[in-house]
Amino acid sequence: MALEITDSSFQETVLKSDKPVLVDFWAVWCGPCRTLGPIIEEVAADFEGKAVVGKVDVDNNQEISMQYGIRNIPTVLIFKNGEVVDKLVGVTPKEVIAEKLSAHL
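These figures come from a predicted structure and were not determined experimentally. (Residues numbered from 1 in each chain as written. Predicted model: local features only at pLDDT ≥ 70, side-chain atom pairs only at ≥ 80, totals over all residues. Heavy atoms only, no water.)

This brings us to the side chain of Ser17. When you line up the elements, Ser17 lands in the loop between helix 1 (10-15) and strand 2 (21-26). In this structure the side chain of Ser17 is engaged in a polar contact, spanning 2.9 Å, whose partner is the backbone oxygen of Lys19. Setting aside its immediate chain neighbours within four residues, Ser17 contacts Glu12 and Val52. (Helix = DSSP H or I, 4+ residues; strand = E, 2+ residues; numbered from the N terminus. Polar contact = N/O pair within 3.5 Å; in protein donor to acceptor, adjacent residues only side chain to side chain. Contact = heavy atoms within 4.5 Å.)

Here we come to the state of the cysteines. Throughout the structure, instances matching the rule amount to 1 disulfide. Here Cys30 engages in a disulfide with Cys33; their sulfurs sit 2.3 Å apart. Sign of the S-S torsion, about 80 degrees for the bond between Cys30 and Cys33, identifies this disulfide as right-handed. Since its relative accessible area comes to 2%, Cys33 is described here as buried. (Disulfide = S-S within 2.5 Å. Buried < 20%, exposed > 50% of the residue type's maximum accessible area, 1.4 Å probe, protein only.)

Turning our attention to the UniProt feature "active site" (unreviewed entry) in the protein chain. Per the UniProt record, "active site" (unreviewed entry) is found at Cys30 and Cys33. Using a relative accessible area of 4% as the deciding quantity, one classes Cys30 as buried. In contact with Cys30, other than residues within four places in its own chain, are Ile73 and Pro74. With respect to the helices and strands, Cys33 occurs in helix 2 (residues 31-46). Contacts of Cys33, omitting those with residues within four sequence positions, involve Trp26, Ala27, Ile73 and Pro74. (UniProt positions renumbered as here; feature names shortened; annotations may be inferred.)

Below is the structure:
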């Protein structure tokens, strides 16, 4: 299951992770985000133990959203060693997300 990542847990969960981290920036009111949600959960299950998969609610965690310039949601960022290494905007097929995340394992 995807972790809930907040402004306060972001540094520890994402930036200090020794594994690649996929972060889904979303909001409750966002239709495309609700479409992507189950895909992110499947990716989280598929990559359990190999990568960290989490979600940031942009309404409740504006500090992180602003820091990474999130303008459109859903936006998925992939981090490795504390740096953004890939970005996907909009609803993206599971295969594409999995392929991008696999490239950073």
